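# Fold and geometry: a report
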Amino acid sequence: MANKLADHIEADVIIYKKDIFKDIFEEYQAIVAVFATGIVVREIAPLIVDKWEDPAIVVVDSNLNFAIPLLGGHHGANELVRKISEIGVIPVITTATEVHNRNSVEGIAAKLGYDIVNKESTRDVNCALLDQDVEVLEIKGPKIVIVDSDVSVLKKEKAEH
C-alpha cells in the first residue's frame, strides 16, 4: 500500500522504526504516514513547533480508505490529500476555510506567489474570510503602509519593473 501511494505522489518510502518521525521531521516538507492517527499524534507531539515550521503531516489508513491532513492543512497537507484522493482514497479535510469553500490567506498567497510578512495576522484574517469577502489590495510603491494586526501583508518575491 505504501509503495502504491508513494508511486502516485512521487514520494520516498521510509520503513517505520523507533524514532522515525524524529529522524525525518525536519528533513521533509511533507510526511504521509500510513499509520493509525493515534500513533502519529503521539509520535509527533513532542516535535511540533508551529504551523510555519512544521512539515505538512497526512495520515492514511493501511487500507487506503481515508487520508487526513493532520498538520499543515494550509501548508500543503490539504493539497497532498487531494492528490492522494485521485487513487480512490477519501479525503477528510477539516480546515475551516476549506470546509466552507472559502479562500485562506495562505491559499491566496500561494496562488499569487507571495510571502506572508506578518504571519500572526492569518488567524484573524482567515476567521474574517469565513464570514465575508475580504478585499485584496495591491499597493505599488514607493509607499509606507501601516496596518492593524488583523491585516495580512503579502510581499512579492521580486519587484516588477
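Shown above is the structure to which this text applies.
All of these numbers come straight from a predicted model, not from anything done at the bench.

### Some thoughts on the environment of Asn65
Position of Asn65 among the secondary structure elements: in the loop between β2 (56-60) and β3 (66-71). Apart from residues no more than four positions distant in its own chain, Asn65 is found in contact with Val89 and Ile90.

### Things to note about the side chain of Ser121
Following the sequence through the fold, Ser121 ends up in the loop between β5 (114-116) and α7 (122-131). Taking the relative accessible area as the measure of exposure, Ser121 reaches 0% and is therefore buried. What Ser121 contacts, discounting residues up to four positions off in sequence, is Ser149, Val151 and Ser152.

### What to know about the packing of aromatic side chains
Across all of its chains, the model carries 2 aromatic pairs by this definition. Where Tyr16 meets Phe35, the ring centres are 5.1 Å apart and the plane angle is 70°; that geometry is what we call edge-to-face. With Tyr16 in the loop between α1 (2-9) and α2 (20-24) and Phe35 in the loop between β1 (30-34) and α3 (37-44), this pair connects stretches of sequence that are 19 residues apart. A relative accessible area of 39% places Tyr16 in the partly exposed class. On the basis of relative accessibility, which here comes to 22%, the residue Phe35 falls in the partly exposed class. With centroids separated by 5.8 Å and ring planes inclined at 55°, the aromatic side chains of Phe21 and Phe35 adopt a geometry described as tilted. In this pair, Phe21 sits in helix α2 while Phe35 sits in the loop between β1 and α3, placing the two residues 14 residues apart along the sequence.

### Considering the layout of surface pockets
Size it by volume and the largest pocket reaches roughly 970 Å³. Forming the walls of the largest pocket are 30 residues, and the residues nearest its centre are Leu137, Glu138, Ile139, Val153 and Leu154. Of all the elements in the fold, those that place two or more residues in the lining of the largest pocket are α6 (105-112), α7 and β6 (154-156). Split by residue class, the lining of the largest pocket holds 18 nonpolar, 2 polar and 10 charged.

### Here we look at helix α4 (residues 77-85)
The complete set of buried residues in α4 reads Ala77, Asn78, Leu80, Val81 and Ile84. Across the axial projection of α4, the buried residues extend over an arc of 160°, all falling on one side. Among the structural elements, α1, β1, β2, β3, β4 (90-91) and α5 (96-99) are those in contact with the buried residues of α4.

### Section: the sheet that holds β1
The 4 strands are arranged β1-β2-β3-β4 in an open sheet whose pairing can be described as mixed. Among the strands making up the open sheet, the edge pair consists of β1 and β4. Relative to β3, β2 runs antiparallel, the two being bridged by 4 bridges. Across the sheet, Val58 pairs through a bridge with Pro69, a residue of β3.

Thresholds applied
Residues numbered from 1 in each chain as written. Predicted model: local features only at pLDDT ≥ 70, side-chain atom pairs only at ≥ 80, totals over all residues. Heavy atoms only, no water. Helix = DSSP H or I, 4+ residues; strand = E, 2+ residues; numbered from the N terminus. Contact = heavy atoms within 4.5 Å. Buried < 20%, exposed > 50% of the residue type's maximum accessible area, 1.4 Å probe, protein only. Phe/Tyr/Trp six-rings, centres within 6.5 Å; stacked < 30°, edge-to-face > 60°. 1 Å grid on protein atoms, 1.4 Å probe; cavity = no way out; pocket = protein on both sides within 12 Å on 5 of 7 lines; lining within 4 Å. Points joined across faces, edges and corners; volume = space filled by probe spheres on them. Nonpolar A, V, L, I, M, F, W, Y, C, P; charged D, E, K, R; others polar. Arc of directions from axis to C-beta. Pairing = 2+ DSSP bridges.

From the geometry alone we can't say anything about function, so treat these as descriptive.
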